[in-house]
Amino acid sequence: MPATLDEKLEPIFQDVLHRNPGEKEFHQAVHEVLETLGPVLVKYPEFAEQKIIQRICEPERQIIFRVPWQDDKGEIHINRAFRVEFNSALGPYKGGMRFHPSVYLGIIKFLGFEQIFKNALTGLPIGGGKGGSDFDPKGKSDSEIMRFCQSLMTELYRHLGEYTDVPAGDIGVGGREIGYLFGQYKRITNRYESGVFTGKGLDWGGSRARTEATGYGTVFFTQEMLKARGDSLDGKTVVVSGSGNVAIYAIEKAHELGAKVIACSDSQGIIVDEKGINLDTVKRIKEVERRRISAYTEFHKHAKYVEDGNIWSVKCDVALPCATQNELNGKDAKTLVENGCIAVAEGANMPTTPEGIVLFQEAKLAYGPGKAANAGGVATSALEMQQNASRDSWSFDYTQSRLEEIMIDIHKNCFETAAEFGAEGNYVLGANINGFLRVARSMNAMGVI
Amino acid sequence: MNHEPHQSDERVSTGLAGLDEVLDHLRIGDNVVWRVSDLDDYRRFVLPFVNAAARSGRRIIYLRFGEHAPVIDAQHPSVQTIRIDALGGFESFTSRVWHLIEQHGPGAFYVCDSLSELLNAWATDAMVGNFFRVVCPLLFELDTVAWFALHPERHSRMTLDRIRETTQVLIDVHRHQQDVQIHPIKAWRRQSPTMFLPHREQDGHFQPITDSTDATRLQASLEQELLHRQPLLDYWDRLFQDASRAIATGDRAATERLQEQVLQVLISRDPQILALARRYLSLADLLSIRSRLVGSGYIGGKATGMLIARNILIAEQPELWQEHLEPHDSSYLGTDAYYAFLVHNGLWPAIMRQRSASGYLSEAPALREGILAGSFPAEIRCELERLLDHYGQYPILVRSSSLQEDGFGNAFAGKYDSVFLVNQGSPEQRLAAFEDAIRQVYASSMSEDALVYRQQRDLDQREEPMALLIQRVNGRFHNRYYLPDAAGVGVSRNTFTWDSHMDPKAGMVRLVMGLGTRAVDRIEGDHACVMALDHPGRQPFRNQDESYRFSQHLVDVLDLADGSLATRPLSQLLESTSDLPMTQLAEVDRSASERARQIGLAGPVWRLTFQPLVHKTAFIDRLASLLHTLEQGYEHPVDVEFTLHLDRHGEPAFNLVQCRPLATIGDTGPVTVPEGLQTRQLLFRTEGHFMGGNINLSIARVIRVDASVYADLSTSERHEVARLIGLQVRTENARTLLIGPGRWGTSSPDLGVPVRFSDIAGVSALVEVSEKSGEMVPDLSYGSHFFQDLVETGTAYAALFPDSSHCQYYPDHLPEPDPVDSDASAVEQAVRVYHLGNQPLQLSADVASQQLACYFPARRATE
């Protein structure tokens with residue numbers, strides 16, 4: 001583990017290690033949160049007195065259960081499933097289900113712990129939780145997936161509810177699985193409780209703008225960061241890494257707000273189009289034809305494709321890493337700063353390395369960490385719950401406008417929290433502390449539970 | 001000779017003063033050809049020449065290869081007799097003679113047996129001419145004098161003309177009863193008023209026949225003698241003539257004998273291939289092959305494999321395959337056409353230089369350029385025109401079919417070129433393109449890749465003449481495009497079973513729409529459909545979106561408008577053609593179709609999953625049956641290439657394009673994992689949990705991720721490790737084993753090393769190790785596209801579970817790794833590189849026993 005902790009926090013961490021042996025990912029997640037909490041305990045000593053942090057580190061409930069199922073040949077299989085209901089101080093437990101052979105309790109706790117603060121940052125009434133199973137959906141037929149989901153829900157239903165615990169999708173759990181899970185839940189409970197799951201299909205309570213949410217949200221956040229500096233996206237040159245969902249809709253929203261996105265990429269190379277990326281072409285290539293981004297030049301001969309190119313070397317005002325983890329390192333950060341970049345917002349999870357983050361902060365560039373900037377996806381899940389609770393079906397525009405409001409709020413909360421703790425403009429600190437504070441204040445208000 | 005090289009004026013005696021007078025002596029550099037109907041006439045002139053040469057102190061070499069009685073007594077004190085086996089074939093014989101001449105160097109004199117004897121051994125008439133055209137210029141350059149004999153009625157006008165053109169001196173000898181005449185036909189750069197008249201020998205003198213009446217009577221009497229003589233055929237023509245007769249008369253014994261003889265000159269010398277051909281290629285089949293053969297010689301491995309496979313299917317399952325196996329329409333260019341091309345273009349000296357140890361690689365580029373610039377002999381050109389007339393304007397495929405290709409142990413997969421010809425345009429344009437294609441395939445035998453491949457298998461000194469297989473491309477015209485409905489590669493053993501329920505013996509297929517080029521090679525960013533034949537519906541994907549993402553999006557076609565092989569996005573193809581069999585090969589991607597509608601594109605959007613073909617037709621059953629039958633026939637797993645032609649109900653007929661024994665990854669031959677390996681020799685050993693079929697690889701370098709160091713790295717550092725590995729893999733071309741904890745290619749650094757496939761595409765073997773912490777568990781099926789890439793690149797894979805009783809792993813048995821700086825970062829310390837030097841590892845895997853071992857053969861108990 002890197003930095004040493006505040007002397008008040010180190011014993012808490014040791015206790016976590018002792019109580020959760022062998023769960024390395026969980027240990028690391030806890031450590032990363034605790035690293036930022038030193039100043040918080042100075043300002044809010046009651047949190048230490050009430051042992052808020054110790055309580056946050058201990059899940060409210062951990063459910064482990066057996067899931068037997070039969071494959072198409074009639075052979076019986078047994079998998080193990082988990083649901084860790086970590087924290088409900090702000091609302092019902094909320095977090096995805098992951099079906100992957102690597103799943104074990106440690107991974108779920110790590111993900112659930114992080115989910116608490118990610119959800120809290122949205123400002124919406126959602127708690128933190130996570131679940132999953134070591135079931136491998138790879139190569140399984142639809143029938144086998146269905147039987148597994150039905151068996152899992154037959155046990156898990158009793159712990160779920162729109163006011164209790166609301167799962168969503170994650171790795172290995174997509175629209176198909178959500179459908180099977182909800183179908184079995186409805187059958188057992190005899191209730192059409194559409195708010196018990198998010199990630200539903202549009203025909204049965206799903207949210208419009210879900211596909212666009214993370215990308216749009218990243219750009220909304222960026223806009224707010226620039227506004228805080230008396231600036232805006234209008235007229236700015238932007239580069240967006242990647243060409244998946246997040247990148248495509250980040251480009252779309254950036255263009256709408258008056259920016260010009262001049263570069264995007266995929267794992268093989270980068271496209272630079274000084275006239276501005278033609279999004280319809282990118283959508284055609286990536287969503288319809290499923291080809292490499294290099295095909296862009298077939299439609300726009302003036303554009304340049306560079307195989308294995310480095311998108312961060314393209315001069316820009318704003319950089320939006322939306323591709324993958326660790327794609328922007330210290331050297332890339334230096335290049336961006338030297339080229340005059342004034343804002344970076346992360347659409348992907350942890351795309352910037354620690355060295356890169358330090359460089360951005362030293363250069364006083366507006367840096368929006370993924371935890372805050374890409375919270376649009378999580379926020380839209382919560383909006384789906386709201387929509388279901390009101391038994392309504394919201395339009396795309398309404399959902400989008402709500403999303404924008406949420407991202408504005410997230411920015412405001414991060415910004416003000418950073419200022420409160422003497423680190424104005426430090427969105428990393430702001431995001432880490434703000435999420436914690438909401439949870440801690442709520443837990444403090446609810447007594448020792 | 002076309003050019004006018006310099007020839008010495010030094011005179012050489014024939015040994016007969018009278019003959020010297022007629023010819024104004026021989027000159028140094030002369031090749032002297034005696035056309036004689038009776039070898040005694042040759043002998044009577046040879047002996048005086050030899051004696052005269054001996055008196056002059058010359059080295060005299062007698063090249064003895066004929067079956068006739070020697071022309072020089074083996075005991076002659078001044079003559080060195082060298083026996084040469086004429087049965088080795090053109091290249092072997094010619095090369096041997098070439099090397100002998102080079103060895104003996106300038107100034108030696110040569111006497112040869114009758115060249116016509118070669119027709120008995122192996123040669124066609126044309127190849128005798130080619131031999132002469134190769135050897136004589138060398139003799140001339142080395143200032144020798146060489147004598148040859150030739151039977152005039154055993155050779156075609158074309159061959160005789162070529163010999164006449166090449167030699168310096170040509171003399172006919174006629175005998176009419178006791179009357180012997182010599183008739184000089186050619187004496188280069190010499191002449192006299194009577195030199196080229198017939199001369200009657202009398203008491204050692206040769207008197208020119210100056211009386212025209214006398215000459216006319218002589219000629220008439222010679223013609224009379226020839227009148228009733230049957231033309232003498234060469235070995236090749238005689239053989240096939242006899243074969244036809246044997247079949248026509250139903251002579252079984254003759255048929256069997258002739259079948260064997262034809263197999264040896266047309267099909268192969270490889271005992272295993274011959275055994276197969278003997279069973280499945282009848283004499284009638286061989287005659288049919290010959291009727292489609294341009295030139296003579298072998299048809300090569302690829303053609304042989306294709307023909308044998310088709311006959312196996314028809315013989316073993318006639319009802320099924322007579323209906324569902326499309327007839328083939330193939331032609332062949334024999335290996336002799338290749339040799340004729342080389343000789344015609346004066347490339348034999350270049351070939352000889354390239355065959356030497358020092359010139360093996362360095363001479364290849366120049367030879368390649370020479371081939372690409374070469375022209376075809378007139379008689380071959382005529383045949384090529386005839387071939388094109390046969391195929392009309394249907395696209396054709398010119399494929400390499402070298403002698404060693406597609407044999408047991410030597411696939412030569414992808415080493416030589418195949419060229420698609422759109423075959424459009426005027427006859428002249430089509431012929432020019434055809435010739436270019438042939439040159440290109442010939443020249444590919446000189447690619448570095450192919451030469452290194454041969455060298456690695458100790459095949460570099462074996463003959464590798466290039467025959468060609470010309471095939472009509474199976475397919476249909478779709479407006480400007482021509483393509484088959486589908487194409488694929490089938491393997492009778494599934495060497496990449498990613499699911500424990502899959503039976504390796506069931507086989508596997510890689511299927512594409514359009515030309516099969518896309519099924520054969522790994523294409524970055526695009527994927528064939530890979531299916532296990534016992535579980536075709538099971539794909540290594542988590543959901544439908546993944547199955548669509550990792551499907552084929554680009555199609556290889558022949559573009560008739562551009563005149564070339566082209567790659568087109570499926571969507572673009574669908575815009576211009578409405579009759580592609582999409583409902584039989586694909587499924588509609590609803591969300592992509594909706595997206596297409598939103599951005600104003602025509603829909604629906606199809607994804608090539610091939611599920612309708614699998615579930616609604618007999619494709620899988622038929623393919624499984626085809627592979628099983630061929631494997632039984634070959635008594636060895638096989639690998640086939642095929643195209644599909646769908647009828648209006650979507651039922652597939654197969655066109656079998658190629659069949660060969662399934663190759664081992666690495667070195668050739670069957671694999672036995674050694675028994676009695678000592679623990680000290682092992683790096684690892686496992687039972688099961690490997691993919692790639694039989695493996696026999698020598699490993700020169702190991703790149704290993706140290707699990708304990710890796711475990712302590714942060715997420716970003718783990719990504720750095722992935723990048724560093726990519727750099728390390730690319731630094732060298734050594735055979736590399738990559739070994740690391742958990743999953744290679746995972747997107748989650750907690751689960752393994754997050755490399756891209758392109759980072760590790762150069763490694764020979766990939767090993768994943770299960771680590772004690774529990775979460776880093778190997779399972780290749782987790783990376784679906786990784787799996788596809790492994791299949792397509794033929795990379796061996798193993799998963800190690802050291803805690804199980806079936807696995808042993810000793811990383812400390814590796815030698816010292818390459819040193820890292822003392823201030824190396826944690827990332828650099830996590831990646832250790834081991835250069836094994838003279839103690840390489842051997843990775844051996846036997847699919848039958850499911851044993852895999854990676855060990856140091858050089859380490860012994862005595863160490």
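As the structure is a prediction and not an experimental result, all values here were calculated from the model.

Topic: the UniProt feature "active site" (unreviewed entry) in chain A
Residues and elements named next belong to chain A. Here, the residues flagged by UniProt with the feature "active site" (unreviewed entry) are Lys130. For Lys130, the position within the fold is in strand 4 (residues 128-133). Once you skip the residues sitting within four places of it in the chain, Lys130 turns out to touch Arg83, Val84, Gly95, Gly96, Ile108, Leu111, Gly112, Gln115 and Asp170.

Here we look at the packing of aromatic side chains
Taken as a whole and judged by the stated rule, the model has 45 aromatic pairs over all chains. Each ring, one from B:Tyr394 and one from B:Tyr482, has its centre 6.3 Å from the other, and the planes form 80°; the classification is edge-to-face. Note that B:Tyr394 is positioned in the loop between helix 17 (378-391) and strand 14 (396-402) and B:Tyr482 in strand 18 (residues 481-483), a separation of 88 residues in sequence. Ring plane angle 15° and centroid distance 5.9 Å describe the contact between B:Phe541 and B:Phe550, whose orientation is recorded as stacked. The pair B:Phe541 / B:Phe550 is uniform in exposure class, with both members buried. An aromatic cluster is built from B:Phe90, B:Tyr338, B:Tyr339, B:Phe341, B:Trp348, B:Phe376 and B:Tyr442, whose rings are joined through pairwise contacts. Directly above the aromatic system of A:Phe421 lies the positively charged group of A:Lys43, at a separation of 5.5 Å from the ring centroid. Geometry around B:Tyr394 places B:Arg472 over its ring, the cationic atom sitting 5.0 Å from the centre.

Re unusual backbone geometry
B:Gly603 connects to B:Pro604 through a cis peptide bond whose omega is -5°. Structurally, B:Pro604 can be placed in the loop between helix 24 (590-598) and strand 25 (606-607). One non-glycine residue, A:Lys51, adopts positive backbone phi at about 55°. Turning to its location among the elements, A:Lys51 is positioned in the loop between helix 4 (45-49) and helix 5 (52-56). With a phi angle near 65°, B:Arg189 is a residue other than glycine that sits in the positive phi range. Structurally, the position occupied by B:Arg189 is in the loop between strand 9 (179-187) and strand 10 (199-202).

Points about the side chain of A:Asn20
Residues and elements named next belong to chain A. Locating Asn20 in the fold gives a position in the loop between helix 1 (10-19) and helix 2 (24-35). The exposure class of Asn20 is buried, given its relative accessible area of 4%. Excluding its chain neighbours within four sequence positions, the residues that come into contact with Asn20 are Phe26, His27 and Lys109.

Topic: the domain arrangement of chain A
Each domain of chain A was delimited in the assignment, giving domain 1 (7-55), domain 2 (59-187) and domain 3 (211-371). Between domain 1 of chain A and domain 3 of chain A, the C-alpha centre-to-centre distance is 35 Å.

Points about the UniProt feature "binding site: NAD(+)" (unreviewed entry) in chain A
All names here are of chain A. What UniProt calls "binding site: NAD(+)" (unreviewed entry) maps, in this numbering, to Thr214 and Asn245. A maximum C-alpha distance of 8.2 Å places the annotated residues, which cover 32 residues in sequence, within one compact spot. By the element assignment, Thr214 lies in helix 9 (residues 210-227). Exposure remark for Thr214: the relative accessible area of 18% places this residue in the buried category. Residues in contact with Thr214, not counting those within four places in the same chain, are Val246, Gly347, Asn374, Gly376 and Gly377. For Asn245, the location among the structural elements is in helix 10 (residues 245-256). Filtering out sequence-adjacent residues up to four positions away, Asn245 remains in contact with Thr211 and Glu287.

Re the side chain of A:Thr36
Residue and element names in this part refer to chain A. For Thr36, the location among the structural elements is in the loop between helix 2 and helix 3 (38-43). Within the structure, Thr36 has its side chain in polar contact with the backbone oxygen of Val33 (distance 2.7 Å). Thr36 has contacts with Asn432 and Ile433, leaving out every residue within four places of it along the chain.

Digging into the interface of chain B and chain A
On the side of chain A, 38 residues touch chain B, which itself brings 47 residues to the contact. The tally of links between chain B and chain A comes to five salt bridges. The salt bridge partner of A:Arg290 is B:Asp545, with a shortest N-O separation of 2.9 Å. On the surface where chain B and chain A come into contact, there are twelve residue pairs in polar contact (both at pLDDT 80 or more).

Some remarks on the pairing of strand 29 (residues 682-687) of chain B
Residue and element names in this part refer to chain B. Of all six residues in strand 29, five are buried, a share of seventy percent or more. Judged from the five bridges that link them, strand 29 and strand 41 (residues 851-855) form a sheet pairing that is antiparallel. From the neighbouring strand, Arg685 faces strand 41, where its bridge partner is Ala853. Here three bridges tie strand 29 to strand 38 (residues 807-809), and the two strands are oriented antiparallel to one another. In the strand pairing of strand 38, Arg685 is matched with Gln808.

Let's talk about the nonpolar core
It is characteristic of soluble globular proteins that their nonpolar side chains tend to be buried jointly. All names here are of chain B. Grouped together as the largest cluster of nonpolar side chains are 78 residues, with contacts concentrated most on Leu63, Phe148, Leu333, Phe434 and Tyr442. At nine residues, the largest contribution of residues to this core is made by helix 5 (residues 125-141). Leave out the neighbours within four places in its chain, and Phe148 touches Asn31, Val32, Val33, Trp34, Tyr42, Cys112, Leu115, Phe132, Val135, Cys136 and Leu139. Counting residues in each nonpolar core, the second largest holds 75 residues, with Ala254, Leu263, Leu580 and Phe610 among its members.

Reading guide: rules and limits
- Residues numbered from 1 in each chain as written.
- Chains lettered and ligands numbered in written order.
- Predicted model: local features only at pLDDT ≥ 70, side-chain atom pairs only at ≥ 80, totals over all residues.
- Heavy atoms only, no water.
- UniProt positions renumbered as here; feature names shortened; annotations may be inferred.
- Helix = DSSP H or I, 4+ residues; strand = E, 2+ residues; numbered from the N terminus.
- Contact = heavy atoms within 4.5 Å.
- Phe/Tyr/Trp six-rings, centres within 6.5 Å; stacked < 30°, edge-to-face > 60°.
- Buried < 20%, exposed > 50% of the residue type's maximum accessible area, 1.4 Å probe, protein only.
- Lys NZ or Arg CZ within 6 Å of the ring centre and 35° of its normal.
- Domains from an automatic or database assignment.
- Polar contact = N/O pair within 3.5 Å; in protein donor to acceptor, adjacent residues only side chain to side chain.
- Salt bridge = Lys/Arg side-chain N within 4 Å of Asp/Glu carboxyl O.
- Pairing = 2+ DSSP bridges.
- Core = buried A, V, L, I, M, F, W, Y, C linked by side-chain atoms within 4.5 Å.

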